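So you can see what is in the structure, the chains are spelled out below.
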Amino acid sequence: SYHLPEIDQLLDGLNRMSGKQSPLDSYLAARLDLLLSHGFMSYATHLMAGRVDPQALHEGEWKARPRRADLAQMLAFSLENQRVGQALSDLIPPYDDYLNLRAVLERYRLIDALGGWPEIPEGPLLRPGDSDDRMPLLRKRLWMTGDLPVPTLSDDNRYDRETAAALRQFQARHGLAADRVLGPATLRELNRPVAERVRQIELNLERWRWLPKDLGTR
């Protein structure tokens, strides 16, 4: 989205010329300058206000005022003071939830690249203290999303206290009744593909970028 492949190619070509002490190609240098400037402006705009106009999706319904800044002035100041990276970092939405979601997105994308999490078969309701062949799969599934610490992973079929606490945390995070019972609703959420969760996080990160800098006290 921000011309990175062509930028890398142009930089490589210009660096080779510089290494050979050849005169720089003015066309390549100008092309690189334009792509870098356009990439900065596009990325800065997307960080500050999102990639999609909320009014286009929710005409007349979206009331939040977007963040605004003079990006051309910001770019000029950043170049003059050699702080382009910092200027872009300053445009990241200033909310802890946004930063937490970015960290979770990185983790879920890695899980997706490694093949996703295991699907837990259907079966009878499970309550703490029960035994079931699905328990090792349930532990692995809860461990992959950080709900279950590593030391409690085992092949034991008993629904132990640690796994019950991890499932309760999973249920609470997903708006389910935190009753520690493995039933149809909880199983359905556990078995949603990781790619679906990745897309959900991406969409919610975009929604955070639609919000003003200060959410007020209410």
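Before reading on, note that the structure itself is shown above.
Overview of the pattern of salt bridges
So, step 1. Summed over all chains, the structure comprises 13 salt bridges.
So, step 2. Across the salt bridge formed by R16 and D12, the nearest N and O atoms sit 2.3 Å from each other. Of the two residues, R16 and D12 both sit in helix α1 (residues 4-19), four residues apart, roughly one turn of that helix.
So, step 3. Under the relative-accessibility criterion, R16 is labelled partly exposed at 48%.
So, step 4. In this structure D12 comes out as partly exposed when scored by relative accessible area, which is 40%.
So, step 5. Note that R134 is salt-bridged to D132, the shortest N-O span being 2.9 Å.
So, step 6. Owing to a relative accessible area of 13%, D132 belongs among the buried residues under this scheme.
So, step 7. Salt bridges sharing partners connect three or more residues here, namely E189, R192, E196 and R197.

Digging into helix α7 (residues 135-144)
So, step 1. Along α7, the residues classified as buried are M135, L138, R139, R141, L142 and M144.
So, step 2. Looking at the buried residues of α7, the elements they touch are α6 (96-113), α8 (161-173) and α9 (184-190).
So, step 3. Immediately downstream of α7, the backbone of G146 shows phi near 80°, a positive value.

Description of the packing of aromatic side chains
So, step 1. Under the counting rule described, the total for this entry stands at four aromatic pairs.
So, step 2. Residues W62 and W210 carry aromatic rings whose centres are separated by 5.2 Å and whose planes lie at 85° to one another, so their mutual orientation is edge-to-face. Of this pair, W62 sits in the loop between α3 (54-57) and α4 (71-81) while W210 sits in the segment after α10 (194-209), and the two are 148 residues apart along the sequence.
So, step 3. The exposure class of W62 is partly exposed, given its relative accessible area of 22%.
So, step 4. Overall, W210 belongs to the buried group, its relative accessible area being 4%.
So, step 5. Both rings, one in Y95 and one in W208, keep their centres 5.0 Å apart while their planes meet at 35°; by these two values the pair is tilted. You can see Y95 sitting in the loop between α5 (84-90) and α6 and its partner W208 sitting in helix α10, a full 113 residues away along the chain.
So, step 6. On the basis of relative accessible area, W208 is assigned to the buried category, the value being 19%.
So, step 7. A cation sits over an aromatic face here: R141 above W117, 3.7 Å from the ring centre.

The rules we used
Residues numbered from 1 in each chain as written. Predicted model: local features only at pLDDT ≥ 70, side-chain atom pairs only at ≥ 80, totals over all residues. Heavy atoms only, no water. Salt bridge = Lys/Arg side-chain N within 4 Å of Asp/Glu carboxyl O. Helix = DSSP H or I, 4+ residues; strand = E, 2+ residues; numbered from the N terminus. Buried < 20%, exposed > 50% of the residue type's maximum accessible area, 1.4 Å probe, protein only. Contact = heavy atoms within 4.5 Å. Phe/Tyr/Trp six-rings, centres within 6.5 Å; stacked < 30°, edge-to-face > 60°. Lys NZ or Arg CZ within 6 Å of the ring centre and 35° of its normal.

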